[in-house]
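Here are the chains, one letter per residue:
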Amino acid sequence: QVQLVESGGGLVQAGGSLRLSCAASGRSFSSYAMGWFRQAPGKEREFVAAITWNGGSTYYADSVKGRFTISRDNAKNTVYLQMNSLKPEDTAVYYCAADRESRLIGVRTARYNYDYWGQGTQVTVSS
């Protein structure tokens, strides 16, 4: 079993910043790619960013590229999402997730590739 716990969400004005954290426990965190997804009211959960198991490569949705940065600290079993220049359309519940395959080459964006999910943290951006 893997437990993922997100934190760092909140209310911020447009143009502001937030840093989300996701603390993992259970299976070997450092062997799995990690992703961030988000879900706005009435919408499908969508991919935001992902990072390889060793932190060597990252990938972003076009909507957040240049504004968000994903990183990880394998010594702390934690993955982060730094969000800058936030927009009202970034308002959503943000989830971290662990890929189901160990030591994957690259990252994946489809939800079905991720087998463990956190409970989510709310991010609200006011205009």
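Residues numbered from 1 in each chain as written. Predicted model: local features only at pLDDT ≥ 70, side-chain atom pairs only at ≥ 80, totals over all residues. Heavy atoms only, no water.

**Q** Hey, could you go over the pattern of salt bridges for me, with residue numbers and the actual values?
**A** Within the structure shown, the criterion is met by eight salt bridges. A salt bridge links R38 to E46, with the nearest nitrogen and oxygen atoms 2.6 Å apart. Here E101 and R108 are joined by a salt bridge, their closest N and O atoms 3.6 Å apart. A relative accessible area of 38% places E101 in the partly exposed class. Overlapping salt bridges, with partners in common, bring together R38, E46, R67 and D90 in one network. (Salt bridge = Lys/Arg side-chain N within 4 Å of Asp/Glu carboxyl O. Buried < 20%, exposed > 50% of the residue type's maximum accessible area, 1.4 Å probe, protein only.)

**Q** Describe the sheet that holds strand β1 (residues 3–7), naming the residues involved and giving the relevant values.
**A** Pairing in this open sheet of four strands is antiparallel, and the strands run β1-β3-β8-β7 from one edge to the other. Because the sheet does not close on itself, it has two edges, and the strands there are β1 and β7 (68–73). For this sheet, the mean inter-axis angle between neighbouring strands, taken without regard to orientation, is 15 degrees. Inspection of the sheet shows strand β3 (residues 18–25) paired to strand β8 (residues 78–83) by six bridges, in the antiparallel sense. In the sheet register, L20 faces β8, and the bridge partner there is L81. (Pairing = 2+ DSSP bridges. Helix = DSSP H or I, 4+ residues; strand = E, 2+ residues; numbered from the N terminus. Axes fitted to C-alpha atoms, helices over the stretch in contact; angles between N-to-C directions.)

**Q** Please give an account of the packing of aromatic side chains that cites residues and values.
**A** Tallying each qualifying case throughout the model produces five aromatic pairs. Pairing F37 with F47 gives two aromatic rings, centres 5.7 Å apart and planes at 80 degrees, and the pair type is edge-to-face. Here F37 is found in strand β4 (residues 32–39), whereas its partner F47 is found in strand β5 (residues 46–51), with ten residues between them in sequence. Each member of the pair, F37 together with F47, is buried. Note on F37: relative accessible area 0%, which makes it buried. One aromatic cluster is present, built from ring pairs that chain together F37, F47, Y59, Y114 and W117. Looking at R45, its charged tip hangs above the ring of Y95, at a distance of 3.6 Å from the centre. R103 extends its terminal NZ or CZ atom over the ring of W53, reaching a point 4.4 Å from the ring centre. (Phe/Tyr/Trp six-rings, centres within 6.5 Å; stacked < 30°, edge-to-face > 60°. Lys NZ or Arg CZ within 6 Å of the ring centre and 35° of its normal.)

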